[in-house]
Every structure is written in C-alpha cells, then in structure tokens.
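A structural walkthrough
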Amino acid sequence: MCLNSSSFYLTHSVLVGSSAGQVHCFDTRQGTSPSSTLSSELVSILSIAVHTTQPFIIANSRSDGSLLIWDMRNNKFPLATFAGHASAIWEVQFEKEKIR
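Heads up: these notes are all about the structure in this document. Every chain is numbered independently, its residues counted from 1 as its sequence is written. Whole-chain, interface and lining totals are the exception, using all residues; otherwise, since this is a predicted model, local features are given only for residues with pLDDT of at least 70 and side-chain atom pairs are given and counted only at 80 or more. Side-chain numbers here rest on the full set of heavy atoms in the structure, without hydrogens or water.

**A few points about the sheet that holds strand S8 (residues 80-83)**
In short, DSSP must find at least two bridges between two strands for them to pair. Helix numbering and strand numbering both begin at the N terminus, where a helix is a DSSP run of H or I of at least 4 residues and a strand a DSSP run of E of at least 2. Judged by pairing direction, the sheet is antiparallel, and its four strands sit side by side in the order S5-S6-S7-S8 without closing on themselves. The sheet is open, and its two borders are formed by strand S5 (45-50) and S8, each paired with just one other strand. With direction set aside, neighbouring strand axes in the sheet form an average angle of 15 degrees. For helices, the axis comes from a line fit to the C-alpha atoms of the stretch in contact; other axes are also lines fit to C-alpha atoms, and the angle between any two N-to-C directions lies between 0 and 180 degrees.

Printed below as a string of structure tokens:
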C-alpha cells in the first residue's frame, strides 16, 4: 500500500489515505491494523481533512478530481460525493468557523 496523505483524528487516531482508494483509521494505542477503513473506488486519495467543529465528519480528495464527505460513525458509504474537477484535487480543508 502506498500512503499519500495523513491527518490526526480525535485524540489517539491517525487517518491515512492510500493510492488504493482507501482511508484507514489507526488507533495509536493499539496494534498496526487499522481500527476502521473507508473504501471507495480504486482512485488514489490525495488529501484528508477533519471538520473543525464536527470531528466525525471528514473529507478526502482524489486523483480523479472528486471529493468525498464521510461520517466516521457510519462509514459504509460516503455522505456525499462531488465530481466536477477536470484534474486531481491536491488539497482539501474545512474552513474554520469565525467567532462573532
């Protein structure tokens, strides 16, 4: 497995995106096997972002120009898929909420 991106997730976890179209969640307190895996088509994951105020919501961008939104509490299918870019999306992030 070729690792393309990573992001810290919650307190003891790391999200890792692979070239095989999977996002693996590793709990740093456990062994080397992922605690959960998000699977989509065989399209390389280029970037992962965790929502700034809703930590169970993540986004990942892919080499085919699509963006997927996931809920880590129910991760069988993405909540939403956005396709429309003609080329790869190299970075994705959530905007920080402004304090008023």
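Following the structure, the description resumes.
**Notes on the environment of serine 6**
Tracing the backbone through its elements, the reader meets serine 6 in strand S1 (residues 3-9). On the basis of relative accessibility, which here comes to 53%, the residue serine 6 falls in the exposed class. If we skip the residues at most four places from it in the chain, serine 6 touches Val14, Leu15 and Val16. Any residue under 20% of the maximum accessible area for its type is buried, any over 50% is exposed, and the rest in between are partly exposed; the area is computed with a 1.4 Å probe on protein chains only. For this analysis, residues touch if any pair of their heavy atoms sits within 4.5 Å.

**Notes on the nonpolar core**
Joining through side-chain atoms within 4.5 Å is the link that ties buried Ala, Val, Leu, Ile, Met, Phe, Trp, Tyr and Cys residues into a set, and such a set is a nonpolar core. Counting residues in each nonpolar core, the largest one holds eleven residues, listed as Tyr9, Leu15, Val23, Cys25, Leu38, Ile45, Ile48, Ile58, Leu68, Trp70 and Met72. Counting residues per element, the ones that place at least two in this core are strand S3 (22-27), S5 and strand S7 (66-71). Aside from chain neighbours lying at most four places away, what touches tyrosine 9 is Val14, Leu15, Cys25, Val50, Pro55, Phe56, Ile58 and Met72. If you look at the next biggest cluster of nonpolar residues, it comprises seven residues, including Ala59, Ile69, Ile89 and Val92.

**Considerations on the pairing of strand S6 (residues 57-62)**
Of all six residues in S6, six are buried; the element is thus mostly enclosed. Side chains Ile57, Ala59 and Ser61 project from S6 onto one buried face, and the interleaved Ile58, Asn60 and Arg62 project onto a second face that is buried too. Relative to S6, S5 runs antiparallel, the two being bridged by five bridges. In the strand pairing of S6, isoleucine 48 is matched with asparagine 60.

**Here we look at the pattern of salt bridges**
The working definition used for a salt bridge is a side-chain nitrogen of Lys or Arg within 4 Å of a carboxyl oxygen of Asp or Glu. Inspection of the entire model under this criterion finds three salt bridges. Between arginine 29 and aspartate 27 there is a salt bridge, with the nearest N and O atoms lying 2.9 Å from each other. On the basis of relative accessible area, arginine 29 is assigned to the exposed category, the value being 58%. By relative accessible area, which is 11% here, aspartate 27 ends up buried. One salt bridge in this structure joins aspartate 71 and arginine 73, with 3.0 Å as the shortest N-O distance. With a relative accessible area of 12%, aspartate 71 lands in the buried category. Accessibility expressed as a relative area gives 58% for arginine 73, which makes it exposed.

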